[in-house]
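Structure at a glance
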Amino acid sequence: MGRVAIVSSLVILAAVISSITSYQVKPANYAKLIEKQKKFDEAFEKEFYVEHTKYVETGEQSERLQEMFEHIRQEPDMFRMEMDNHPLPYLTAECTACRALVTTYLTYRRVLGWDRDRIALQAASTCETLNILTPPNCLKIVNKNIDILLYIIDNRPSLTAQTICGIIFQSGTCVLEDPAFLNWSINVQPGGRPITASKTSPNRGASDLKIIHITDVHYDPHYRTGYNAVCGEPCCCREGQGIPANPADGAGEWGDYRDCDSPWKAVEDAVRAAARQHPDAAYVYYTGDIIDHGVWETTVAGNIVSMTRTYQLFRDVFGSKPVYNVLGNHENNPTNVFAPSYITQSEFSAKWLYDFSADQWSTWLPTASQQTIRQGGFYTVLVRPGFRIIGMNNNDAYTFNWWILYDPAYLQAQLQWVHDTLLQAEAAGEKVHILAHIPIGAGTSYRTWARQYRRILDRFWDVITAHFHGHTHADEFNVFYSLANPQHAISAGFNGGGTVPFSNYNPNYVVYYVNPQTYDVTDFESWYFSLTEANQNPNRNPIWMQLYSFSRDFQLSNVSPASLDGLVHRFASNPAELRRYWEFKVKRGDPFIAAGCDGDCLLNHLCQIVTNEANDDTKCNALAAIFRNLDDELFNEEK
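All values reported here derive from a predicted model rather than from experimental measurement.

As for the UniProt feature "binding site: Zn(2+) 1" (unreviewed entry) in the chain
- Summarizing the sequence annotation, UniProt attributes the feature "binding site: Zn(2+) 1" (unreviewed entry) to Asp 216, His 218, Asp 289 and His 473 in the numbering used throughout. Spanning 258 residues, the annotated positions come together in the fold, the maximum distance between their C-alpha atoms being 10.4 Å.
- Topologically, Asp 289 is positioned in the loop between strand S2 (283–286) and helix H10 (300–318).
- The buried category is assigned to Asp 289, whose relative accessible area is 0%.
- Those residues in contact with Asp 289 that lie beyond four places of it in its chain are Asp 216, Val 217, His 218, Gly 328, Asn 329, His 330, Glu 331, His 437 and His 471.
- By secondary structure assignment, the location of His 473 is in the loop between strand S7 (464–469) and strand S8 (477–481).
- By relative accessible area, His 473 is classed as buried at 0%.
- From its side chain, His 473 meets the backbone oxygen of Phe 502 in a polar contact 2.5 Å long.

This is how it looks when you write it as structure tokens:
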């Protein structure tokens, strides 16, 4: 993620990050470090405003302002990482930047009365100073988001920098304290089967259903083989970025490990390979992100073209086989921004996307699903007697959805609908799969929303049999623990990874085996190809191979929450086995393997598996105690 301004920082960082999600284990003296950091941030915030105001008045940056910009300047590698994966020192500096920049720009707007164009130009200048995008693209990304942000700021005069940064970062000194953002809740119906132990499920059987899970194709219509893959922008390999002098810096035929999305031929090959290798699959899940990472120049018309082409590919390849889709955070324009349904201004509303999705998905969904898709991009469908799917649009709870700042309680409506749908499913004796793009409970899931979802899961833990996610591009799983009884593992989330190599990954898809009576996932396997090998042989299609069969490779009888909880504890006491999981998670991407993963890195990945809510470190701390003593030196600063 990054450190930027109310319009420059927030906008650009939120728009361009993606990629691997992990978790940052906190040092034993974290509380002490945070107290020290609070004092630093308060002083930095005040001084930055003074120095930046001088710069605005004179046109010259003081030596001190240059030092302050250097302190908050984004490291290039951070652009392609989800914020969860940023090392603690970076997260700390990013929070410092957020508070300083947002306070400064709020003052310019509310106190000094700056107009829209002046703020846009200054924010674009900040973007340029921090080397986030090229100057023209800085202005483009600011202009795509500024009207939304100013509408929110102007209509929420009590909104502070602390709250804004607390929503986005949810950690360190950026702690959410505003009761309006913490204290809303949904109504959970009493009842349900008591949680008395971790949830078990059947072993894999010969009659199990097969489900193909494809996600995050990130089709880039501007991808060009041989064009610059080290362009200095958050997304490369695109026409307009030129052909590099060094051929080694050119984009590969089938994609590129660097910050590049997928050419159409790679998207098509992945979908056709999945269908060809698993013709007996009953269903297909697609968990979002069709659109590319060139977020500064996306358009509604362009997004429609890319999505239409991709959905048509699904129809052509899978024929009558049902494909169940959910929206990714990249599908809307601007990226990440999903307004409440009562916001009807055409320039803010996502209605175009919901109407388009309802029309496209009608191939696979009944007419009864149309209403909620057109309302908010979510739906439910009875797949067969006893088996239901809920497709969520949890992009509204992504911490980079600016509309959370406007009205956090608008998220209640969809969550309440999920609860009510599960209540009806329970009464009908149905089991439910939940599809959602953002991994539920990840550090970029709005904390209060995640807590309310955990209440739902506690109530319907025996109705929901599995969760399926995308977004991170990592081939990973999560274990959900009861909010009321944290010792009990009650559900699992499975991530399809992604067919896009952005960034450093090999493309993959996942196949699940599902018990046809209980609809529990009994096993799963991942299929991938080596991007290095494919690009060395550009004139033939990539060779898809099995990356793993989970139960076989980890010696499990099944992949129930109870079994996965046991595996997590094995990981904590066996770093070699944890390292193997990490290799599978990064899909043996050559750059990841070359860089390696040390003890701290492995522990971060371990903790990510068991973290269900931002700032809930209970499970992580317990595993860390097994894995090793926490390192107090994670912050490179004096104590």
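There's plenty left to go through after this.
Overview of the pattern of salt bridges
- Counted by the stated rule, this structure contains 33 salt bridges.
- Taken together, the shared-partner salt bridges connect Asp 220, Arg 238, Asp 292 and Glu 297 into one network.

Section: the state of the cysteines
- Within this structure, the stated rule accounts for seven disulfides.
- The partner cysteine of Cys 237 in its disulfide is Cys 260, sulfur to sulfur 2.0 Å. As the torsion about the S-S bond is roughly 65°, the Cys 237-Cys 260 disulfide counts as right-handed. Placement of the pair is Cys 237 in the loop between strand S1 (209–214) and helix H9 (264–277) and Cys 260 in the loop between S1 and H9, with a sequence separation of 23 residues.
- Judged by relative accessible area, which is 0%, Cys 237 ranks as buried.

Overview of the domain arrangement of the chain
- You can read the domains of the chain as domain 1 (9–182), domain 2 (209–223 + 262–628) and domain 3 (225–260).
- Summarising the inter-unit geometry, the C-alpha centres of domain 2 and domain 3 are found 28 Å apart.
- Counting from both sides, the interface comprises 31 residues of domain 2 and, opposite them, 17 residues of domain 3.
- Both faces combined, the contact of domain 2 with domain 3 buries some 2,000 Å², and carbon together with sulfur accounts for 55% of it.
- Of all residues in domain 2, the largest losses of buried area upon contact with domain 3 belong to His 222, Tyr 223 and Trp 296, amounting jointly to 31% of the total for that side.
- Taken together, the links from domain 2 to domain 3 amount to four salt bridges.
- In this structure, the salt-bridge partner of Asp 220 is Arg 238, at a minimum N-O distance of 2.8 Å.
- Inspection of the region where domain 2 meets domain 3 yields 14 residue pairs in polar contact (both at pLDDT 80 or more).

As for the nonpolar core
- Ranked by internal contacts, the top residues of the largest apolar core, which has 192 residues, are Trp 449, Phe 477 and Phe 494.
- Dropping the residues within four chain positions of it, Trp 449 is found in contact with Trp 184, Met 392, Asn 394, Asp 396, Ala 397, Leu 411, Leu 415 and Ile 440.
- In this structure, Tyr 223, Ala 229, Cys 237 and Ala 251 belong to the second largest nonpolar core, which totals six residues.

Comments concerning unusual backbone geometry
- With omega at 0°, the peptide bond leading from Asn 333 into Pro 334 counts as cis.
- The residue after Phe 502, namely Ser 503, is reached through a cis peptide bond having omega -15°.
- Structurally, Ser 503 is set in the loop between strand S9 (489–495) and strand S10 (508–514).
- At Gln 555, a position not held by glycine, the phi torsion is positive, near 50°.
- Here Gln 555 shows up in the loop between helix H17 (550–553) and helix H18 (561–573).
- The residue Asn 615 is not glycine, and still its phi comes out positive at about 75°.
- Position of Asn 615 among the secondary structure elements: in the loop between helix H21 (599–610) and helix H22 (618–627).

Points about the sheet that holds S7
- Taken in spatial order, the six strands line up as S4-S5-S6-S7-S9-S8 in an open sheet, and their pairing is mixed. Every interior strand has two partners, whereas the edge strands, strand S4 (379–384) and S8, have only one. Geometrically, the sheet is characterised by an average inter-axis angle of 25° between neighbouring strands, direction not taken into account.
- Sitting on the sheet, helix H15 (residues 447–459) is in contact with strand S6 (431–435), S7, S8 and S9, with an inclination near 145° to S7.

Some remarks on the side chain of Asn 325
- Along the chain, the position of Asn 325 falls in strand S3 (residues 323–325).
- Polar contacts involving the side chain of Asn 325 include one to the main-chain carbonyl oxygen of Val 323, which spans 3.4 Å.
- Setting aside anything within four residues of it in sequence, one finds Asn 325 in contact with Tyr 286, Tyr 311, Phe 314, Trp 361, Trp 364 and Tyr 379.

Scoring rules and cut-offs
Residues numbered from 1 in each chain as written. Predicted model: local features only at pLDDT ≥ 70, side-chain atom pairs only at ≥ 80, totals over all residues. Heavy atoms only, no water. UniProt positions renumbered as here; feature names shortened; annotations may be inferred. Helix = DSSP H or I, 4+ residues; strand = E, 2+ residues; numbered from the N terminus. Buried < 20%, exposed > 50% of the residue type's maximum accessible area, 1.4 Å probe, protein only. Contact = heavy atoms within 4.5 Å. Polar contact = N/O pair within 3.5 Å; in protein donor to acceptor, adjacent residues only side chain to side chain. Salt bridge = Lys/Arg side-chain N within 4 Å of Asp/Glu carboxyl O. Disulfide = S-S within 2.5 Å. Domains from an automatic or database assignment. Buried area = accessible area lost by both parts, 1.4 Å probe. Core = buried A, V, L, I, M, F, W, Y, C linked by side-chain atoms within 4.5 Å. Pairing = 2+ DSSP bridges. Axes fitted to C-alpha atoms, helices over the stretch in contact; angles between N-to-C directions.

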